[in-house]
Amino acid sequence: MRHRTLTVSLLAAALAFGFGTASAASGNAANGKAKAAPCEACHGTNGNGIAPNYPALAGQYPDYLVQVLHEYKDGQRTNAIMNGMAAPLSDEDIADLAAFFSSMPSKLSDLHGKISGGN
Ligand code: HEC
């Protein structure tokens, strides 16, 4: 019985610390929401973009959002608007923003039933 309790505790600790720190996107969604105000002008308050030329961020994989924001920040990916938006963001800001947008409901879907002649 005692062993079992110990095993469960160790497992809980491994989950809390081990896997938690291994994730690239361990940001805080609540903090991300507070930081997202400037982003919402284009990406929308629901994270799905105010027009088709503004990509939907809602429900996107957090690791992807972290990756691409770093690419805009260091210039690997060039876009006049987003290079400027990402420039002042810290690693923590990026993680928090990624956690926030990825936690929002996605409107993305596949093309099932939308292609003429398909199903
Ligand atoms: C003035 C409008 C505008 C604002 C404000 C803005 N963005 Fe963007 N964002 C864009 C446009 C346009 C693109 C597409 C750029 C491209 O084609 O590379 C984009 C692309 C992105 C992408 C890549 C999406 C993908 O699918 O690859 C991310 C992530 C992103 N923005 C996050 C943010 C965050 C976080 C903020 C706030 C700090 C922000 N944006 C503010 C216009 C904006």
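If you're wondering where the values come from, they're calculated on a predicted model, not measured in any experiment. Starting from 1, residues in each chain are numbered consecutively following that chain's sequence as written. Under the rules for a predicted model, residues below a pLDDT of 70 receive no local features and side-chain atom pairs below 80 are neither given nor counted, while totals for whole chains, interfaces and linings still include all residues. Processing note: side-chain calculations cover all non-hydrogen atoms of the structure and skip hydrogens and water entirely.

(A) Representation of the coordination of the iron atom of the ligand within the structure. Protein-derived ligands of the iron atom of the ligand are H43 (NE2) and M82 (SD), with the metal-ligand distances lying across 2.0 to 2.2 Å. Relative accessible area decides the class of each residue, using a 1.4 Å probe on protein chains only: under 20% of the type maximum gives buried, over 50% gives exposed, and in between gives partly exposed. The exposure class assigned to H43 is buried, which follows from its relative accessible area of 9%. Here M82 falls in the buried class, since its relative accessible area comes to 17%. Donor atoms (N, O, S) are those found within 2.8 Å of the metal centre, with the cutoff raised to 3.2 Å for Na, K and Ca; water is not part of the atom list, so apparent gaps in a site can occur.

(B) Representation of the site of the ligand within the structure. If even one non-hydrogen atom of a residue comes within 4 Å of a molecule or strand, that residue is called near it. Not every one of the 19 residues close to the ligand is listed here, only the nearest: C39, C42, H43, Y64 and M82. Here a nitrogen atom of the ligand sits 2.8 Å away from a polar atom, N or O, in the side chain of H43. In protein, a polar contact requires one atom able to donate a hydrogen and another able to accept it; more generally it is a pair of N or O atoms within 3.5 Å, and residues adjacent in sequence count only if both atoms are side-chain atoms. The contact in question runs from an oxygen atom of the ligand to an N or O atom on the side chain of R77, over 3.1 Å. Helix numbering and strand numbering both begin at the N terminus, where a helix is a DSSP run of H or I of at least 4 residues and a strand a DSSP run of E of at least 2. Within the residue set of the shell around the ligand, elements represented by two or more residues are helix 3 (37-43), helix 4 (62-73) and helix 5 (80-86). Broken down by element, the residue count for the shell around the ligand peaks at 5 residues, all from helix 4. Three classes are used: nonpolar for Ala, Val, Leu, Ile, Met, Phe, Trp, Tyr, Cys and Pro, charged for Asp, Glu, Lys and Arg, and polar for all others, with Gly counted as polar. For the shell around the ligand, the class distribution of residues is 15 nonpolar, 3 polar and 1 charged.

(C) Spatial organisation of the packing of aromatic side chains. Any Phe, Tyr or Trp ring, taking Trp's six-membered ring, that has another such ring centre within 6.5 Å forms a pair; planes under 30 degrees apart are called stacked, those over 60 apart edge-to-face, and the others tilted. Within the structure shown, the criterion is met by 1 aromatic pair. Ring geometry for F100 against F101: centres 5.2 Å apart, planes inclined by 55 degrees, an arrangement best described as tilted. Take F101: its relative accessible area is 4%, and that puts it in the buried class.

(D) Spatial organisation of the environment of G27. Here G27 is to be found in the loop between helix 1 (2-22) and helix 2 (29-35). Note on contacts: a residue pair qualifies if any of its non-hydrogen atoms lie within 4.5 Å across the two residues. Setting aside anything within four residues of it in sequence, one finds G27 in contact with A95, D96 and A99.

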